[in-house]
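Each chain, written out:
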Amino acid sequence: MLQHFFNPSSVAVVGASQNPAKIGYDILNNIVRYGYSGDVYPINPTAKEILGYQAYPDLASVPSKIDVAVVAVPAGKVMDVLEQCGKKKVDSVVIITAGFKETGPQGARLEQELVTRSRELGIRVVGPNCLGIIDTASTLNASFAAGMPLAGHIGFFSQSGAMCVAILDWALGENVGFSRFVSLGNKMDISETEIMLSMGQDENTRVILGYLESIEDGPRFMKAARQVSKTKPIIIIKSGTTSAGAKAASSHTGALAGSDHAYRAAFKQSGIIRAESMRALFGYAMAFASQPLPRGPSLAIITNSGGPGILAADACDRSSLHLVPTKKETADRLREFLPPSASVYNPIDIIGDASHERYQKTLEVVLNDDLIHTILILLTPTAAVDAEAVARGIVSLAKDADKPIITVFMGERGVRGARKILQDHAIPSYDYPEDSITALDAMLSYRRWREKPERQYRHFEADTRRVREIFASVVKQHRHDLIESEAREILKAYRFRLPESRIAKTTKGAVRTASEIGYPVVMKIASPDVLHKSDMGGVRVGIENEAMVEEAFFDITSNIQLRQPEARILGVMVQEMVPQGKEVILGITRDMQFGPMIMFGLGGIYVEVLKDVAFRIAPLSVESADAMIRDIRSFPLLRGVRGEPPADIDAIRDALLRLSQMAIDFPEIIEADINPLLVRPEGLGAVAVDSRITIQE
Ligand SMILES: Nc1ncnc2c1ncn2[C@@H]1O[C@H](COP(=O)(O)OP(=O)(O)O)[C@@H](O)[C@H]1O
Ligand SMILES: [Mg+2]
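Every value quoted in this text rests on a predicted model; they were computed, and no experiment measured them.

1. With respect to the domain arrangement of the chain
The accessible area lost on association of the parts is a frequent measure of interface size.
Stage number 1. The assigned domain composition of the chain is domain 1 (3-213), domain 2 (292-451), domain 3 (464-576) and domain 4 (582-695).
Stage number 2. The centre of domain 1, based on its C-alpha atoms, is set 62 Å off from the matching centre of domain 3.

Written out as structure tokens, the structure is:
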């Protein structure tokens, strides 16, 4: 896929220059100086020869076929070059030139014209406004980057050219090699999704690293990421998370969802490892590119100093790794050569006077312990230890190891040489224990994600015709918000359980309805204008008799007349009271990039205070629904604490899956809330007692 970009047999540089100050010179220079063996054609209107290569005035004059054209001419000339490519049957173009949508509306228009024309001509484009592309296997460096990455197995793509420069510089310093390097620029055509898929197919790429500010087509991106993640880890740092949009939203779900929630959910659901910082991105890259994935959570720490060992243990506690006690055989074997003051119980503290031999012997023993899945080696440069000898010892043992080994050699001057030895032999070396644990934790969760069984999806029967009818009548009335009775109809169409409810227009009517439904009942204001009924004194629960109905009818209507006089009052809803249950909230909100998103959390009237919610992108699989239920902090409450029976978690899952199906079936739903869904004890189901739906045409 995209072969002509990464492994072309011929390259043309349009805008090649003899002037070393020009980008057109840098690109050509990078192509010729790093060993690219294909044909190279500098295109320059006047020059006869550049850097020893015959130059041509335009693409048409080049005598043979061109696989890829790298374009570095002024923005206003790019369309003409595109036309030339069309005529010359060049199907792959890298537009380095800046001055398009990143500059504003005029530039955006110019870029849109390029999009339209390149599609008509069947030309694929990387860029514009990018640094270029590099492939270390074909040794093509078609970029104006300062230098060539070492050959390796990390594929890197970035939406920022500056990030490419920073990563390249870091990698050269850390001896980390790359397979491919792609600066996406403005992504007018080829985006992160295609590049991820092409790196997924590239045999030289084992780990994919990315820097992103936005994602073009969320669902397509997730599908591609899921496919590729099955075999190769994808590590992405996402910047530019805003919460401005959330403020604009009216419903609970809308108010609680920011686009970062969508990215977080999308990454979780497609196995992408999210790096929260550049530091984490570098740290993950080192570990994933050089070490096998841990087979399980158990970690052994070998250290010559207590402090860093404790820091690592703390970090371990905050992760999904386990600091398992050393098994007896291992402890006995360690006791054979470690001094009595050493600790053999993990962290294994070989104490301050440890020599490189002691490190070596300890590591050998721990490597042979099959209960240990991962090893972290900490070292502080005491006078007693030859750090470089320790590093050499680790390198020799790591050769045959089938579990990840990572190191933290703390300090600087005393460990610089040792770190270099480790880097040269692809043993990850971190500055601080916390970074190493975070990297291992990411590896473990990625392994677990990869081992998950195939996702299952459920499909429910639903009266979609009825839903369409209701939406049509709402639109006809130029409304967006469904009134509660309409929202209930929608839920009914998707077979949600609902309490018996009827609107009474008079006190007498309310008394009659309450006795028909049966006490206790709940009474609520019925008005399209009252959003949060409780806040307005519009809800009364636990009504046991006629007198209470009369009082509640009066209280509720007068509260609303007092506090929201303009509100239209349709009456008072009399509703079957659902016996005590756990209050949870379910919701739909729509994300610009990823489409419908489902929210789940602890519900009731304190939802926006607690903000204990989880998000996933629809359609939800059974596994995603289960995962998001477990994700909330108060999940233990649902499982039942202090002798309380567990809540009916199956009923919650079922409700989430129905809501997800509804969100997919009806793209016009922009927001929806069920708050609360009252969840009864296990086996007794769940009832949606309050709901709201907002649609757009
Ligand atoms: N049918 C019902 N059975 C039991 N409790 C209910 C019922 N309806 C509402 N409640 C309780 O009243 C609270 C507020 O009611 P709700 O209809 O959600 O109003 P709002 O969210 O607009 O304030 C709910 O969180 C729940 O605790
Ligand atoms: Mg409510």
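2. As for the environment of Thr46
Stage number 1. By the element assignment, Thr46 lies in the loop between strand S2 (39-43) and strand S3 (49-50).
Stage number 2. Residue Thr46 is classed as exposed on the basis of its relative accessible area, which comes to 62%.
Stage number 3. Distance in space between the C-alpha atoms of Thr46 and Pro74 is 16 Å, their sequence separation being 28 residues.

3. Focus on the sheet that holds strand S15 (residues 299-303)
Strands pair in a sheet through their backbones, by hydrogen bonds, and they do so in one of two ways: parallel or antiparallel.
Stage number 1. Strand order in this open sheet of five strands is S16-S15-S17-S18-S19, and the pairing throughout is parallel. The open sheet terminates on both sides in strands that have one partner only, identified here as strand S16 (348-349) and strand S19 (429-430).
Stage number 2. Looking at chain direction, strand S18 (residues 405-409) and S19 are connected through two bridges and run parallel. Its bridge partner being in S19, Thr407 is matched across the sheet by Ser429.
Stage number 3. Of the strands in this sheet, S18 and S19 touch helix H16 (residues 416-424), which is tilted by about 160 degrees from S18.

4. Some remarks on the packing of aromatic side chains
Stage number 1. Summed over the entire model, instances satisfying the criterion amount to 12 aromatic pairs.
Stage number 2. Seen in terms of ring centroids, Phe178 and Phe181 are 5.0 Å apart; in terms of plane orientation they differ by 75 degrees. Their pairing is edge-to-face. Here Phe178 and Phe181 have matching classes, each one buried.
Stage number 3. Joined through ring pairs, the aromatic side chains of Phe221, Tyr263, Phe267 and Phe594 make up one cluster.

5. Quick word on the coordination of the magnesium ion (ligand 2)
Stage number 1. Surrounding the magnesium ion (ligand 2) are the protein donor atoms Asn675 (O) and Asp690 (OD), which sit 2.0 to 2.1 Å from the metal. Taken together, the positions of Asn675 in strand S27 (residues 669-679) and Asp690 in the loop between strand S28 (686-688) and strand S29 (691-695) put the pair 15 residues apart, joining distant regions of the chain.
Stage number 2. In this structure Asn675 comes out as buried when scored by relative accessible area, which is 8%.

6. Digging into the sheet that holds strand S1 (residues 10-14)
Stage number 1. Read across the open sheet, the five strands follow the order S2-S1-S5-S6-S7; overall the sheet is parallel. Looking at the sheet topology across the chains shown, the edges are occupied by S2 and strand S7 (124-126). When the angles between neighbouring strand axes are averaged without regard to direction, this sheet yields 20 degrees.
Stage number 2. Bridge analysis of S1 against S2 gives five bridges, and the strand direction is parallel. From the neighbouring strand, Val11 faces S2, where its bridge partner is Val40.

7. Overview of the site of ligand 1
Stage number 1. Taken together, 19 residues lie around ligand 1, and Lys524, Ser534, Gln575, Glu583 and Asp690 are the ones closest in.
Stage number 2. Between an oxygen atom of ligand 1 and a side-chain N or O atom of Lys533, the distance comes to 2.9 Å.
Stage number 3. Computed on the free molecule, ligand 1 has an accessible area of 540 Å², of which 90% lies beneath the protein chains in the complex.
Stage number 4. Of all the secondary structure elements, the ones that give two or more residues to the shell around ligand 1 are strand S21 (521-526), strand S22 (539-543), strand S23 (571-576) and S27.
Stage number 5. With three residues, the single largest contributor to the shell around ligand 1 is S27.
Stage number 6. Class assignment for the residues of the shell around ligand 1 results in nine nonpolar, five polar and five charged.
Stage number 7. Shared between two domains, the shell around ligand 1 holds at least three residues of each, these being domain 3 (464-576) and domain 4 (582-695).

8. Quick notes on the environment of Leu657
Stage number 1. Looking at the secondary structure, you find Leu657 in helix H25 (residues 649-665).
Stage number 2. Sequence separation between Leu657 and Ala383 is 274 residues; the distance between their C-alpha atoms is 62 Å.
Stage number 3. In this structure, Leu657 is in contact with Arg458, Phe460, Leu620, Ser621, Val622 and Ala625, ignoring residues within four places of it in sequence.

9. Examining the packing of helix H23 (residues 622-631) against H25
Stage number 1. Two numbers describe how H23 lies on H25: the axes approach to 9 Å, and their chain directions differ by 120 degrees. Taken together, the axis directions place H23 and H25 in an arrangement best described as oblique. Remark: the crossing between H23 and H25 carries right-handed chirality. Contact residues: H23 offers Val622, Ala625, Asp626, Met628 and Ile629, while H25 offers Ile649, Ile652, Arg653, Leu656 and Leu657.
Stage number 2. Of the residues assigned to the contact of H23 with H25, the class counts are eight nonpolar, no polar and two charged.

10. Focus: the layout of surface pockets
Stage number 1. The space that makes up the largest pocket amounts to roughly 1,200 Å³.
Stage number 2. Of all the secondary-structure elements, those providing two or more residues to the lining of the largest pocket are helix H10 (259-269), strand S14 (273-274), helix H17 (433-451) and H23.
Stage number 3. At 10 residues, H17 tops the list of elements feeding residues into the lining of the largest pocket.
Stage number 4. The residue makeup of the lining of the largest pocket, split by class, is 11 nonpolar, eight polar and 18 charged.

11. Some details on the pairing of strand S12 (residues 207-212)
Stage number 1. Counting buried positions over the six residues of S12 gives six, a clear majority of the element.
Stage number 2. Burial of S12 is two-sided: the residues Val207, Leu209 and Tyr211 facing one way and the residues Ile208, Gly210 and Leu212 facing the other way are all buried.
Stage number 3. Pairing between strand S10 (residues 151-158) and S12: five bridges, direction parallel. Residue pairing across strands places Ser158 opposite Tyr211, the latter belonging to S12.
Stage number 4. Examined bridge by bridge, S12 and strand S13 (residues 234-238) share five bridges and lie parallel to one another.

12. Some remarks on the pattern of salt bridges
Stage number 1. Inspection of every chain in the model, using the stated rule, returns 46 salt bridges.
Stage number 2. As a salt-bridge pair, Glu329 and Lys327 come within 3.8 Å of each other at their nearest N and O atoms.
Stage number 3. The residue Asp690 makes a salt bridge to Lys533 at a minimum N-O spacing of 2.9 Å. Within this pair, whereas Asp690 is found in the loop between S28 and S29, its partner Lys533 is found in the loop between S21 and S22, the two being separated by 157 residues in sequence.
Stage number 4. Each of Arg465, Arg466, Glu469, Glu489 and Lys492 takes part in salt bridges that share partners, so that together they form one network.

13. Remarks on empty space enclosed by the protein
Stage number 1. In total, this model carries one cavity of 30 Å³ or more according to the counting rule given.
Stage number 2. Residue lining of the largest cavity: Ile302, Tyr359, Gln360, Leu363, Ile377, Val390, Gly393 and Ile394, and that is the complete set.
Stage number 3. Elements with a minimum of two residues in the lining of the largest cavity: helix H14 (356-367) and helix H15 (387-398).
Stage number 4. Looking at the lining of the largest cavity residue by residue, the class counts come to six nonpolar, two polar and no charged.

Rules of the game
- Residues numbered from 1 in each chain as written.
- Chains lettered and ligands numbered in written order.
- Predicted model: local features only at pLDDT ≥ 70, side-chain atom pairs only at ≥ 80, totals over all residues.
- Heavy atoms only, no water.
- Domains from an automatic or database assignment.
- Helix = DSSP H or I, 4+ residues; strand = E, 2+ residues; numbered from the N terminus.
- Buried < 20%, exposed > 50% of the residue type's maximum accessible area, 1.4 Å probe, protein only.
- Pairing = 2+ DSSP bridges.
- Contact = heavy atoms within 4.5 Å.
- Axes fitted to C-alpha atoms, helices over the stretch in contact; angles between N-to-C directions.
- Phe/Tyr/Trp six-rings, centres within 6.5 Å; stacked < 30°, edge-to-face > 60°.
- Donors = N, O, S within 2.8 Å, 3.2 Å for Na, K, Ca; no water.
- Near = heavy atom within 4 Å.
- Polar contact = N/O pair within 3.5 Å; in protein donor to acceptor, adjacent residues only side chain to side chain.
- Areas by Shrake-Rupley, 256 points an atom, 1.4 Å probe, with all protein chains shown as cover.
- Nonpolar A, V, L, I, M, F, W, Y, C, P; charged D, E, K, R; others polar.
- Parallel < 35°, antiparallel > 145°, perpendicular 65-115°, else oblique.
- Left-handed = near helix turned anticlockwise from the far one by under 90°.
- 1 Å grid on protein atoms, 1.4 Å probe; cavity = no way out; pocket = protein on both sides within 12 Å on 5 of 7 lines; lining within 4 Å.
- Points joined across faces, edges and corners; volume = space filled by probe spheres on them.
- Salt bridge = Lys/Arg side-chain N within 4 Å of Asp/Glu carboxyl O.

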